[in-house]
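# Chain and residue survey
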Amino acid sequence: MVGRKPVLVLLCFTVLAPIVLYTDRLSSFPGSLSNNDFIEDVSNVAFGNEVGKLNALPQELTNVVKEPIGIVYPDNSSNAYQIWVQSRDGSASSNAQVPQRKSGELKSRMLSTMDERNLSEKKGVIEQVVNKNIGKDDSEKSKAEEESKELGSQQTELNSKPEKEEGKSEKKSEETTHKVDPEKLQTAPKDRKSGSTVMSDARVRHLRDQLIRAKVFLGLGATRTNPHYIRELRLRIREVQRTLGDATKDSDLPRNANDKLKAMEQTLAKGKQIQDDCAAVIKKLRAMLHSTEEQLRVNKKQEVFLTQLAAKTLPKGLHCLPLRLSTEYFSLDPSQQQFPNQEKLEDPKLYHYALFSDNVLAAAVVVNSTVSNAKHPSNHVFHIVTDRLNYAAMRMWFLSNPPGKAAIQVQNIEEFTWLNASYSPVLKQLGSQSMIDYYFRTHRANSDPNLKFRNPKYLSILNHLRFYLPEIFPKLNKVVFLDDDIVVQKDLSGLWTIDLKGKVNGAVETCGENFHRFDRYLNFSNPLISKNFDPHSCGWAYGMNVFDLAEWRKQKITEVYHSWQRLNHDRLLWKLGTLPAGLITFWNRTFPLNRSWHVLGLGYNPHVAPRDIERAAVIHYNGNMKPWLEIGMPKYRNYWSKYVNYDQVFLRECNISP
């Protein structure tokens, strides 16, 4: 017990003595450090009045060292990526080249690392920009938001940088695809000389290309297994489709088009990272191409059918007009149904025109335009032949709208009793059941699938009356034949002074257009055609023709026409209409007129030169796009409509307007 006491004393001394000594030492510090001071001066510890440095750690400056920005640029001259490291002040600190690995592992690692750094750093910059603009007005805030969007778009551009493909062809395709910069597409450059905008549809074409690429990714197996990406891609597709709408040039696009373009480009870049199998992409593109070609073929076939249908369909207003005119005509007294100047009808010294039509309004334009541009209207005589259905309407129109001092005659084709099936082989053929079956393609006929060969207008004898002019006008020596789809722009009296040099037909040749060569209308596989005609001979145009009836009778042209019609009873020599028959009948009997007399194509060709139209004596709306139809080309319609008086009471009652 006595021995334990000294032990306890020594133990207490060894425990308490160090506590007392170190407590006295700590009390000698000049002041306590705050948390912030300790963090800032962690490398310095003050003992008394001396400052001791911690040499175990390398000493750093008190200014915070900022992390450099790393940007990866593709080098087109070599298979390497250059990493340009820039400090905050914009000075380049280092330049290193990292060789590209075939597996692409290094590239993806570098890109992901740089993306994360740039993303975090740009978020900080965006927050600073937004914080600085808290106290500013709304206009300054919108500017800050725009700056934030620009910084975000830079990140998008970095993510959408194309990975370099192995092989020169793939490199070129990548460069071509990414040459269009969305920022530069906002304002297209202007031509200094003309001042016109260059590539005015650059963004429209880029958006359409994006839609194609997006549809490719929708059909790929690798992307379809990613539902989140598919939802995002479909959302971008809908946005781009709404943005495009019916736009054909950049000025038609909405203001947010550039933002939609960037968003889609970013989504496509993600898809490219998911799907890196080029073979699958090529296979999908080929399938899309085949499907598109098939759809194009179907659409073209449908377009031909609808165009033919629209060309054959009579508008409601033009159906109403003859009904209204006929009703008015039969309410007139017999004395009021006669035309004046009937003594001029057989005077060979005057200028006579032949017009065969069942379209009242079209015939009215032909007569009105001819009289309006005639130097001496009293010397012009119009002979109109129509069918029984439109006879009363045609007479009523010209009774209520007389052609000034010109003389006019309206005849019913039923009055030509000499024109019957025993005299005319074509009339016999038109009335046959086989011809009707051919044109209307019933189950009893194996007719041609080409719709234009089955136009019912070719069943009308009005279309074939042009081959019987001497019989219709037995006392006349020269007649100008006019179609009802032409407009006269100049005085035509000069046609009667042209010497046809013994030819029967004066017409404008169409050598410049391949479809007016003989081989496009006649069957040269038949020996009757190949032995008598040249397949490369120039054709000529119906619509405005000068016929010398004296030479016609002398050379017995009608008999020539009848002989060829009998040979073509089975339609093996030609199929379509009256032009092939005319080419054969007037072979080596046609005198070429100057092309300025007759300009064609306004019913099918949108590229007829305005200069040719303006200087033409007659313009011809040959084709399906007639000016009185809705499918007529608007750019040419005014040449026709200016000769229509839309204030006329019958037109207003039938709601016919320009």
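Residues numbered from 1 in each chain as written. Predicted model: local features only at pLDDT ≥ 70, side-chain atom pairs only at ≥ 80, totals over all residues. Heavy atoms only, no water.

To be explicit about the condition: UniProt positions are given in the numbering used here, feature names are shortened, and annotations may be inferred rather than shown by experiment.
Going by what an unreviewed UniProt entry lists, the protein is known as Hexosyltransferase and is assigned to Elaeis guineensis var. tenera. Listed in UniProt under the heading Sequence similarities (unreviewed entry), the comment for the protein reads: "Belongs to the glycosyltransferase 8 family." Of the comments in the UniProt record for the protein, the one headed Pathway (unreviewed entry) reads "Glycan metabolism; pectin biosynthesis."

## Structural notes on the packing of aromatic side chains
This is how it is decided: Here is the rule: rings of Phe, Tyr and Trp (six-membered ring for Trp) pair when centre to centre is within 6.5 Å. Planes less than 30 degrees apart are stacked, more than 60 are edge-to-face, and the remainder are tilted. Counting from the N terminus, the helices are DSSP H or I runs at least four residues long and the strands are E runs at least two residues long. Between buried and exposed lies partly exposed: a residue is buried under 20% and exposed over 50% of the maximum accessible area for its type, with that area taken using a 1.4 Å probe on protein chains only. In this scheme, Lys NZ or Arg CZ marks a charge over a ring once it lies within 6 Å of the ring centre and within 35 degrees of the ring normal.
By the definition in use, this model includes 22 aromatic pairs. When the centroid spacing of 4.0 Å and the interplanar angle of 5° are considered together, the rings of Phe467 and Tyr561 count as stacked. Of this pair, Phe467 sits in the loop between α16 (433-440) and α17 (469-472) while Tyr561 sits in helix α20 (residues 557-567), placing them 94 residues apart in sequence. For the pair Phe467 and Tyr561, one class covers both residues: buried. An aromatic cluster is defined as three or more aromatic residues linked by ring pairs; in this entry it consists of Phe356, Phe481, Trp540, Tyr542, Phe547, Trp552 and Phe586. The lysine or arginine in question, Arg466, covers the ring of Tyr542, its NZ or CZ lying 4.6 Å from the ring centre.

## A short note on a positive patch on the surface
As a reminder of what qualifies: What goes into a patch is any residue over 30% in relative accessible area without a salt bridge, connected to like charges within 9 Å or, for nonpolar side chains (Val, Leu, Ile, Met, Phe, Trp, Tyr), within 5 Å. Per-residue and other accessible areas follow the Shrake-Rupley method at a 1.4 Å probe size, with only the shown protein chains counted as cover for residues. Think of a salt bridge as a Lys or Arg side-chain nitrogen and an Asp or Glu carboxyl oxygen that are within 4 Å of each other. Positive residues here are Lys and Arg, negative ones are Asp and Glu, while His and the chain termini are left out of the count. To locate a charge, the coordinates of NZ of Lys, CZ of Arg, CG of Asp or CD of Glu are taken.
The grouping of Arg224, Arg234, Arg238 and Arg242 at the surface amounts to a positive patch. The element contributing the most residues to the positive patch is helix α9 (residues 227-244), with three residues. Inspection of the secondary structure puts Arg238 in helix α9.

## Topic: the side chain of Lys626
The condition is simple: Counting of polar contacts relies on pairs of N or O atoms within 3.5 Å, with two restrictions inside protein: one atom must be capable of donating a hydrogen and the other of accepting it, and residues adjacent in sequence are counted only when both atoms are side-chain atoms. We call two residues contacting when some pair of their heavy atoms lies within 4.5 Å.
If you trace the backbone, Lys626 turns up in the loop between β15 (618-620) and α23 (634-641). Polar side-chain contacts of Lys626 include one of 2.5 Å to the side chain of Asp485. In this structure, Lys626 is in contact with Asp485, Tyr621 and Gly632, ignoring residues within four places of it in sequence.

## Some points on the pattern of salt bridges
As enumerated under the stated definition, the model contains 13 salt bridges in all. Between Arg615 and Asp612 there is a salt bridge, and its shortest N-O distance comes to 3.3 Å. Of this pair, Arg615 and Asp612 both sit in helix α22 (residues 610-615), three residues apart, which is roughly one turn of the helix. Linked by salt bridges that have partners in common, Arg236, Glu239 and Lys260 make up one network.

## Details of the sheet that holds strand β7 (residues 380-386)
As a general point, the strands of a sheet are linked pairwise by backbone hydrogen bonds and lie either parallel or antiparallel. Worth spelling out the cut-off: Paired strands, in this sense, are two strands between which DSSP finds at least two bridges. Orientation is described by axes fitted as lines to C-alpha atoms, over the contacting stretch for helices, and by angles from 0 to 180 degrees between their N-to-C directions.
Taken in spatial order, the seven strands line up as β8-β7-β6-β9-β12-β11-β13 in an open sheet, and their pairing is mixed. Of all strands in the sheet, those bounded by a partner on one side alone are β8 (407-412) and β13 (590-592). With direction set aside, neighbouring strand axes in the sheet form an average angle of 25°. In this structure, strand β11 (residues 505-507) lies alongside strand β12 (residues 544-548), joined through two bridges in antiparallel fashion. Within β12, the residue paired with Asn505 across the bridge is Phe547.

## Re the nonpolar core
What counts, and what does not: Take the buried residues of types Ala, Val, Leu, Ile, Met, Phe, Trp, Tyr and Cys, join any two whose side-chain atoms come within 4.5 Å, and each joined set is a nonpolar core.
If you look at the biggest cluster of nonpolar residues, it comprises 66 residues, and the most contacted ones within it are Leu321, Phe398, Leu495, Leu593, Trp597 and Trp640. Considering each element in turn, this core owes the most residues, nine residues, to helix α13 (residues 360-372). Once you skip the residues sitting within four places of it in the chain, Leu321 turns out to touch Val360, Leu361, Phe650, Leu651, Cys654 and Ile656. By size, the runner-up hydrophobic cluster in this structure holds 43 residues, among which are Val426, Tyr468, Val504 and Trp564.

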